[in-house]
Amino acid sequence: MFTLDAATEVRNRAVDATALAYLHVDRAGMIRDWNPAAERLFGWTRSEIIGRRLADTLVPAGLRSAYNAAFARRLVTGDGDLVGSRVEVPAVHRDGGELQITINIDELGADGFFAYVSDRTDWHRAQQELQRSTTLITAILQHTTAVVFAKDLQGRYLFVNGEYERVFQVAAADAVGRLEAEVLPAAVAAVGRAHDEQVARTGVAGTAVEEVPTGDDLRQYLVTRVPLTEPDGTVYGICTIAIDDTARRRSEAALAAREKQFWTTVNNAPGMLYQFRTGADGDSGFTFVSEGCRDIFGLEPGDLITSMRRLSEVIAPEDLESYLASVQESARTLQPWSWRGSMICRDGSRRWLYGVSRPHREPDGSIIWDGMMLDRTRERHTEADLAELRREMTGLTEQLAVLSLVTGADTAPAPALTTLVEAAEHETLDRIWAAAREGKPADMRCARADGRGRLWVRLRPRVEDGEVLIEVACFDLGRMA
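Residues numbered from 1 in each chain as written. Predicted model: local features only at pLDDT ≥ 70, side-chain atom pairs only at ≥ 80, totals over all residues. Heavy atoms only, no water.

**Side note on the overall build of the protein chain**
Here is step 1: Assigned secondary structure in the protein chain consists of 18 helices and 19 strands.
Here is step 2: In terms of overall dimensions, the protein chain is more spread out than a globule: its C-alpha atoms have a radius of gyration of 53 Å, far above the 23 Å expected for 481 residues.
Here is step 3: Seen through its C-alpha atoms, the protein chain measures out along the principal axes to roughly 170 × 55 × 50 Å.
Here is step 4: A burial count over the protein chain gives 33% of its 481 residues as buried.
Here is step 5: Long-range contacts, defined as pairs at least 24 residues apart, comprise 40% of the intrachain contacts of the protein chain with a sequence gap of at least 6.
Here is step 6: Split by element, the accessible area of the protein chain, about 28,400 Å² in all, is 53% carbon and sulfur. (Helix = DSSP H or I, 4+ residues; strand = E, 2+ residues; numbered from the N terminus. Rg over C-alpha atoms; globule rule 2.2 N^0.38 Å. Buried < 20%, exposed > 50% of the residue type's maximum accessible area, 1.4 Å probe, protein only. Contact = heavy atoms within 4.5 Å. Areas by Shrake-Rupley, 256 points an atom, 1.4 Å probe, with all protein chains shown as cover.)

Rendered as structure tokens:
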């Protein structure tokens with residue numbers, strides 16, 4: 001049999017070996033016993049703590065009065081509400097740090113009380129952190145503009161956030177516990193159910209674009225579904241996050257339509273639209289060329305963008321120098337560029353070109369020209385035809401003219417002209433002569449001085465070597481008819 005001393009020895013060894021802090025407090029409130037676990041928990045060695053008042057050592061300063069009152073009441077009245085029960089109270093470490101402890105108190109009769117204490121500080125802090133995290137997550141979920149909800153594997157709502165309530169006009173209390181098909185239109189619920197089942201079956205999150213009717217509008221949502229799992233990996237539900245993507249998609253569609261319209265306009269504009277760049281290092285080239293370059297140069301847009309040499313190869317040799325000089329002058333002065341010249345086509349024919357652009361300097365020192373190149377071959381041929389026609393008409397009119405001469409712009413009409421015009425018309429003749437002297441073309445129809453019909457008098461001024469000359473021509477209107 002164990003003797004009393006042997007039993008006491010076993011008890012003492014058990015108290016010293018336990019992971020729970022043990023302390024003995026006498027009826028005066030003094031600490032009389034203290035095990036190694038108590039040393040580790042509170043930071044006081046046994047020799048330091050024995051004989052100290054528990055209230056002054058382990059109880060937080062703000063709670064000492066309440067503790068002393070409760071301790072005195074226990075001694076006087078025998079009130080034992082805390083005896084034999086487990087309570088959680090704050091305590092103080094030797095370094096002043098606050099602890100949260102769970103304490104079990106029991107009586108030792110005349111010897112006072114003993115208690116076993118466990119440290120709940122980390123647990124308490126974890127609970128506080130969990131509470132803060134829960135509060136934070138709840139605030140985010142309730143104030144985000146994304147629709148967030150969770151359902152179990154049968155499709156019953158476990159949670160819906162504030163945005164869900166706003167979009168679908170249903171209170172969370174009315175949605176939770178109900179099937180999706182009982183809350184949303186059947187077609188929408190069926191699509192959502194199919195996606196839920198796929199995520200539940202594969203255990204892999206998925207994202208899809210879904211259309212959701214809201215009032216009179218049909219909106220597009222970017223919907224992500226995430227499996228909710230138990231600690232062992234078993235899927236027990238689906239969390240859905242839906243972001244309204246309608247505005248962005250509509251903006252993209254509008255931008256795409258405008259971009260298509262822009263490119264249609266650019267590529268159908270007459271001639272070739274382009275952007276040309278000369279870098280600060282002198283490197284030059286096209287950064288953009290419209291499809292009109294096929295009609296202008298017989299080249300693909302990429303050919304001009306990748307190689308400036310292709311342009312110099314097609315410009316007529318006699319016009320290449322003027323082209324390069326005009327670009328250099330525009331770069332130097334930043335004045336609008338304008339050039340007329342020709343190119344030689346692959347079949348040997350010549351095509352006449354007209355180019356214009358406006359330069360601007362970039363912050364890095366490079367110069368950008370935005371402009372267009374036009375094919376003026378048809379106009380050039382038309383001008384040549386008109387010039388030939390003028391030459392032919394000039395020859396014809398000279399044959400028909402009663403008088404044709406070039407004279408200085410004297411103050412009075414040329415005598416040869418005056419003698420042809422009837423005297424009654426001389427005042428009008430003086431008037432148109434004065435207009436011609438001022439550089440204005442003038443005409444008159446009048447009677448002939450010899451009475452043989454009517455004349456057409458035509459005056460055309462021009463300047464040669466700084467002197468104003470007047471071309472005079474008189475036609476017999478009878479002969480011209």
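**Brief notes about the pairing of strand β7 (residues 157-160)**
Here is step 1: When strand β6 (residues 147-152) meets β7, the two strands line up antiparallel, connected through three bridges. Residue pairing for β7: Lys151 is matched across the bridge by Tyr157.
Here is step 2: The turn joining β6 and β7, which pair antiparallel and follow one another in sequence, is formed by four residues; a positive phi near 95 degrees is taken by Gly155. (Pairing = 2+ DSSP bridges.)

**What to know about the sheet that holds strand β2 (residues 31-34)**
Here is step 1: Taken together, the five strands give an open sheet; going across it, the order is β2-β1-β5-β4-β3, and neighbouring strands pair in antiparallel fashion. At either margin of the open sheet sits one strand with a lone partner, and together these are β2 and β3 (86-92). Strand after strand, the sheet turns through a mean of 35 degrees between neighbouring axes, direction not considered.
Here is step 2: Inspection of the sheet shows β3 paired to strand β4 (residues 98-107) by seven bridges, in the antiparallel sense. Counted as the bridge partner of Pro90 is Gln100 from β4. (Axes fitted to C-alpha atoms, helices over the stretch in contact; angles between N-to-C directions.)

Purely geometric stuff here, so don't read any function into it on its own.
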